[in-house]
Amino acid sequence: MSDTATYEKPQPVIDPGTKPFWDAARAHRLSMPKCRACGQHHFYPRELCPHCHSDDLEWTDVSGKGEVYSYTIARKPAGPVFAADVPYVIAMIALDEGPRMLTNIVTKDVEQVRIGDRVTVRFDDVTPELTLPKFTLDKD
Amino acid sequence: MAREAVIVGVGDVPLKDGKVVGGGSVLQVQARAAKAALDNAGIPMRDVDGLLVAGLWGVPGPGQLPSVTLGEYLGIFPRFADTTNIGGSAFEAHVAHAAMAIEKGYCDVALIVYGSTQKSERSRTLGGRPPVLTMQFENVWGIPQPVGGYAMAARRHMHEFGTTEEQLAEIAVATRKWASLNPDATMRDPISIDDVMASTRISDPLKLLDCCLVTDGAGAIVMTTAENAKAHGSRPIHIRGYGEAHTHWSIGAMPDLARLTAAEMASKRAFDMAGVSHDAIDLVECYDSFTITVLMTLEALGFCKPGEGGAFVSGQRTAPGGAFPLNTNGGGLSYCHPGMYGIFLLVEAVRQLRGEAGDRQVDNVQTALVHGTGGTLSSGATVILANN
């Protein structure tokens with residue numbers, strides 16, 4: 001873990017609409033809004049359900065399990081602060097509850113990632129104030 | 001008689017090695033492109049009463065007022081302004097909006113302008129935007145912007161349809177052949193599929209030669225009524241149909257990574273309005289930010305079925321002399337890509353429709369389809385143009 005001051009990568013500028021997600025992540029829970037009207041989860045968190053546009057939403061913890069919907073291996077970094085990580089995997093995970101989320105897959109062998117791989121969340125406490133939900137391959 | 005909006009002038013600025021010849025600020029290069037397009041139309045700047053601007057430039061600070069700034073710089077007082085910015089496809093949407101404004105009598109002469117000096121300024125990075133609002137769920141993971149989103153779309157397309165990296169390379173090779181016929185193109189030396197495959201890996205499965213250039217550039221379009229075009233003796237290009245759509249901003253919110261939904265929506269409306277079939281299209285100019293963009297666009301426009309784009313572009317079918325002339329100026333891949341490329345699709349289509357494209361002129365072009373894509377496969381706007 002880094003100090004907040006020494007963690008150089010982009011840190012989310014947390015706002016009232018997104019705070020419950022980041023607070024839950026700090027407590028090592030993956031949480032997102034679920035619509036009471038249509039029953040669907042969504043991510044990232046919004047004020048209105050993007051599926052049925054209801055405002056009757058509740059924050060719910062999800063399983064943290066899903067599969068790789070797509071991914072890329074960054075061979076060039078997203079700026080100098082990521083240079084030491086190359087090559088690294090950015091993946092879009094289709095969570096078992098439905099929503100897709102962008103994240104990293106943490107693995108010793110980036111070449112083994114495939115679409116459809118089962119994954120599980122793991123929480124990376126990058127600073128005392130910030131935890132990033134990343135994923136690992138169940139086959140790893 | 002009903003007013004018909006037509007395109008009467010196009011202009012750009014000369015480039016050398018991807019930089020504007022003679023240099024200049026982002027305002028200067030836009031003024032030069034605007035003057036070139038107005039001279040091409042034979043219409044004086046003082047007649048411009050509609051200004052349509054989208055760009056990546058602006059006076060820093062809260063809010064950006066690009067048409068107000070550029071109008072002042074050009075010394076005009078527009079009574080119609082449109083700063084719709086849906087990414088690189090904005091200019092195709094501007095043509096649609098200007099056509100509606102002109103036909104409604106809301107303005108008489110519309111000027112669409114874009115310019116960028118990003119290469120001279122070395123302002124482009126893969127780092128993307130600050131992690132605020134929706135971007136707090138994208139940029140914290142280190143996704144190279146914008147290539148990473150396109151790379152994930154390519155990977156998904158390969159997974160669903162068996163598309164190969166070699167098929168994507170076909171597009172880069174064919175586009176380079178067109179660029180070799182364009183004296184203004186930044187990259188003109190021939191490349192092979194092997195060259196593309198061996199080029200530097202950026203964000204798998206996309207490699208350097210799958211990616212558009214980073215250059216300067218400026219372009220402009222002038223539109224007016226058919227009646228006014230006649231009065232000025234300029235040759236009108238007719239606008240048969242148009243459509244636009246956007247589906248997402250964050251790549252995580254794209255409805256289907258293997259389908260370009262925005263292009264499906266935009267082109268459906270444009271074809272319906274034009275009342276023509278795909279067989280009537282002689283030439284396509286479509287946004288080529290990356291090779292995968294082209295492949296997914298061709299499918300979404302309906303020139304082939306979903307998943308058949310790889311076979312469609314194989315065997316250099318889109319190269320000079322091929323069955324399907326595409327991106328005849330050398331595209332964003334090899335001609336220029338100054339951040340938002342969509343205006344150059346229109347400039348090239350008009351030159352082709354007028355028979356003014358020099359060594360790269362395609363025979364018997366009567367109807368051309370232009371399709372812009374913006375954001376990360378986020379927005380699409382289609383224009384169908386004809387010279388008769």
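- Per an unreviewed UniProt entry, chain B is named Thiolase, and its organism is Mesorhizobium zhangyense.

- As annotated in an unreviewed UniProt entry, chain A carries the name Zn-ribbon domain-containing OB-fold protein and comes from Mesorhizobium zhangyense.

## A few points about a nonpolar patch on the surface
Step number 1: A cluster of nonpolar side chains, Val13(A), Val132(B) and Leu133(B), forms an exposed patch at the surface whose accessible area comes to about 260 Å².
Step number 2: Relative to the helices and strands, Val13(A) resides in the segment before helix H1 (19-26).
Step number 3: For Val13(A), a relative accessible area of 44% puts it in the partly exposed group.

## Focus on the packing of helix H5 (residues 147-161) of chain B against helix H10 (residues 291-301) of chain B
Residues and elements named next belong to chain B.
Step number 1: Between H5 and H10, whose axes approach to 10 Å, the crossing angle comes to 55 degrees. Judged by the inter-axis angle, H5 sits oblique to H10. Classified by chirality, the crossing of H10 by H5 is left-handed. Where H5 approaches H10, its residues Tyr150, Ala153, Ala154 and His157 are matched on the opposing element by Ile292, Thr293, Leu295, Met296 and Glu299.
Step number 2: Of the residues belonging to the contact of H5 with H10, the class tally is six nonpolar, two polar and one charged.

## Examining the UniProt feature "domain: Thiolase C-terminal" (unreviewed entry) in chain B
Step number 1: Annotation from UniProt places "domain: Thiolase C-terminal" (unreviewed entry) at residues 243-386 of chain B.
Step number 2: The straight-line gap between the two end C-alpha atoms of residues 243-386 of chain B is 16 Å; of that span, 33% is helix and 17% is strand.

## Section: the UniProt feature "domain: ChsH2 C-terminal OB-fold" (unreviewed entry) in chain A
Step number 1: Mapped onto this numbering, the UniProt entry gives "domain: ChsH2 C-terminal OB-fold" (unreviewed entry) at residues 59-124 of chain A.
Step number 2: Counted over residues 59-124 of chain A, helix gives 0% and strand 52%. Its end C-alpha atoms are 21 Å apart.

## Notes on the nonpolar core
Step number 1: Leu30(A), Ile105(A), Leu206(B), Val284(B), Ile292(B) and Phe303(B) are the most contacted members of the largest nonpolar core, which totals 82 residues.
Step number 2: With eight residues, the top contributor of residues to this core is strand E4 (residues 88-95) of chain A.
Step number 3: Once residues within four sequence positions are removed from consideration, Val284(B) is found in contact with Leu301(B), Phe303(B), Phe324(B), Pro325(B), Leu326(B), Asn327(B) and Leu369(B).
Step number 4: Ranked by size, the runner-up nonpolar core spans 77 residues in total, among them Leu52(B), Ile86(B), Ile237(B) and Leu283(B).

## Some remarks on the pairing of strand E1 (residues 5-12) of chain B
Residue and element names in this part refer to chain B.
Step number 1: Of all eight residues in E1, eight are buried; the element is thus mostly enclosed.
Step number 2: Where E1 lies against strand E9 (residues 217-225), seven bridges are found, and the strand directions are antiparallel. Bridged to isoleucine 7 within E9 is methionine 223.
Step number 3: The pairing of E1 with strand E10 (residues 237-246) spans two bridges and is classified as antiparallel. Looking at E10, one finds that isoleucine 7 is bridged to isoleucine 237.

## Brief notes about the interface of chain A and chain B
Step number 1: Tallying the contact residues gives 37 residues for chain A and 34 residues for chain B.
Step number 2: Between Asp204(B) and Arg75(A) there is a salt bridge, and its shortest N-O distance comes to 2.6 Å.
Step number 3: The interface formed by chain A and chain B holds 20 residue pairs in polar contact (both at pLDDT 80 or more) in total.
Step number 4: At the level of elements, H1, strand E3 (65-74), E4, strand E5 (100-105) and strand E7 (131-137) of chain A are the ones that each hand at least two residues to the side of chain A that touches chain B.
Step number 5: Sort the elements by how many residues they give to the side of chain A that touches chain B and E3(A) lands first, with six residues.
Step number 6: Partitioned by chemical class, the residues of the side of chain A that touches chain B number 24 nonpolar, seven polar and six charged.

Definitions and cut-offs
Residues numbered from 1 in each chain as written. Chains lettered and ligands numbered in written order. Predicted model: local features only at pLDDT ≥ 70, side-chain atom pairs only at ≥ 80, totals over all residues. Heavy atoms only, no water. Patch = residues over 30% accessible without salt bridge, like charges linked within 9 Å, V, L, I, M, F, W, Y side chains within 5 Å. Areas by Shrake-Rupley, 256 points an atom, 1.4 Å probe, with all protein chains shown as cover. Salt bridge = Lys/Arg side-chain N within 4 Å of Asp/Glu carboxyl O. Helix = DSSP H or I, 4+ residues; strand = E, 2+ residues; numbered from the N terminus. Buried < 20%, exposed > 50% of the residue type's maximum accessible area, 1.4 Å probe, protein only. Axes fitted to C-alpha atoms, helices over the stretch in contact; angles between N-to-C directions. Parallel < 35°, antiparallel > 145°, perpendicular 65-115°, else oblique. Left-handed = near helix turned anticlockwise from the far one by under 90°. Contact = heavy atoms within 4.5 Å. Nonpolar A, V, L, I, M, F, W, Y, C, P; charged D, E, K, R; others polar. UniProt positions renumbered as here; feature names shortened; annotations may be inferred. Core = buried A, V, L, I, M, F, W, Y, C linked by side-chain atoms within 4.5 Å. Pairing = 2+ DSSP bridges. Polar contact = N/O pair within 3.5 Å; in protein donor to acceptor, adjacent residues only side chain to side chain.

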